[in-house]
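Here are the chains, one letter per residue:
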Amino acid sequence: MSTLDAIAATAAPSNDQYRQIVESAVDYAIVICDLEGRVTSWNEGARKVFGWSSQEILGQSIDRLFTPADIAAGVAAQQRRTALAEGRALDDRWHARKDGSRFWGSGELMLLRGDDDEVTGFVKIVRDRTAERRDAAGRRQLALDLQFLARASEELSELSDYQ
């Protein structure tokens, strides 16, 4: 074994280290599902973001994370098809929590490959971006309101000049 091989072997994270990384990412929902979309792994961040415990969601369809409209439209299956064709699928949309409330989630669905490089499933990583989306919408509305007030002020000024 060369020195470089020895360094690479000791530098590679162990399965336990990967598990610790995933479990410590509590602001990110990290969900693994098989090729049919059944949830096979669920981190603490996913519990925090979506509300289901791992005992409640393991073995269930990943469709549960989508809104009723997206479920009816087959969005989860379409994302899996896109990820299979392109390697990943962007996932910026409303998602459903266990309690039925919605949140704006931003993330991706990516392929998960085994040691033989065969696709074994998918990993979905999502972060709750509801507050950021709400703030951006508020800024857009404020800009529109200011534009309206500026036009109204100009028109009033023109009216007073006319009199």
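Residues numbered from 1 in each chain as written. Predicted model: local features only at pLDDT ≥ 70, side-chain atom pairs only at ≥ 80, totals over all residues. Heavy atoms only, no water.

Pairing is antiparallel in the open sheet, where five strands are placed in the order S2-S1-S5-S4-S3. Among the strands making up the open sheet, the edge pair consists of strand S2 (39-42) and strand S3 (88-96). In this sheet, adjacent strand axes meet at a mean angle of 25° when their direction is disregarded. Of the strand pairs in this sheet, strand S1 (residues 29-34) and strand S5 (residues 119-128) are connected by six bridges, and their pairing is antiparallel. Considered in S5, the bridge of Ala 29 is made with Val 126. Along the sheet, helix H6 (residues 75-86) makes contact with S3, strand S4 (102-113) and S5, crossing S3 at roughly 165°. (Pairing = 2+ DSSP bridges. Helix = DSSP H or I, 4+ residues; strand = E, 2+ residues; numbered from the N terminus. Axes fitted to C-alpha atoms, helices over the stretch in contact; angles between N-to-C directions. Contact = heavy atoms within 4.5 Å.)

This part covers the environment of Arg 127. Structurally, Arg 127 can be placed in strand S5. A relative accessible area of 23% means that Arg 127 is categorised as partly exposed. The spatial distance from the C-alpha of Arg 127 to the C-alpha of Val 49 is 7.6 Å, given a sequence separation of 78 residues. Excluding residues within four positions of it along the chain, Arg 127 makes contact with Asp 27, Tyr 28, Trp 104, Gly 105 and Ser 106. A distance of 3.0 Å separates polar atoms of two side chains, one belonging to Arg 127 and the other to Tyr 28. (Buried < 20%, exposed > 50% of the residue type's maximum accessible area, 1.4 Å probe, protein only. Polar contact = N/O pair within 3.5 Å; in protein donor to acceptor, adjacent residues only side chain to side chain.)

With that settled, consider the pairing of S4. The pairing of S3 with S4 spans nine bridges and is classified as antiparallel. Residue pairing in the sheet places Leu 90 in a bridge with Glu 108 of S4. The antiparallel pairing of S3 with S4 creates a hairpin that spans five residues between the two strands, and Gly 100 there sits at a positive phi of about 95°. In terms of strand pairing, S4 meets S5 through nine bridges, oriented antiparallel. Across the sheet, Arg 113 pairs through a bridge with Val 119, a residue of S5. Count of turn residues in the S4/S5 antiparallel hairpin: five residues, of which Asp 117 carries a positive phi of about 70°.

Okay, the confidence of the model for the protein chain next. On average, residues of the protein chain score 81 in pLDDT, and 66% of them reach the 70 mark or higher. At the level of individual helices and strands, the protein chain shows its lowest average pLDDT in helix H1 (residues 3-11), which scores 56, and its highest in helix H4 (residues 54-57), which scores 96. (pLDDT = per-residue confidence, 0-100.)

The subject of this paragraph is the nonpolar core. Residues Val 31, Trp 42, Phe 50, Ile 62 and Leu 65 are the most contacted members of the largest nonpolar core, which totals 22 residues. For this core, the secondary-structure elements that each account for two or more residues are S1, S2, helix H3 (44-50), H6, S4 and S5. Once residues within four sequence positions are removed from consideration, Leu 65 is found in contact with Val 31, Trp 42, Phe 50, Trp 52, His 95, Ala 96 and Lys 124. (Core = buried A, V, L, I, M, F, W, Y, C linked by side-chain atoms within 4.5 Å.)

Turning our eyes to something else, we now look at H6. The terminal C-alpha atoms of H6, which comprises 12 residues, lie 16 Å apart, in line with the 16 Å expected from a rise of 1.5 Å per residue. Turning to H6, its buried residues are Val 75, Ala 76, Gln 79, Arg 80 and Ala 83. Down the axis of H6, the sector holding all buried residues measures 145°, keeping them to one side. Buried residues belonging to H6 abut helix H5 (68-72), S3, S4 and S5. Just downstream of H6, Gly 87 is the residue with a positive phi angle, here 95°. (Expected span 1.5 Å × (residues − 1). Arc of directions from axis to C-beta.)

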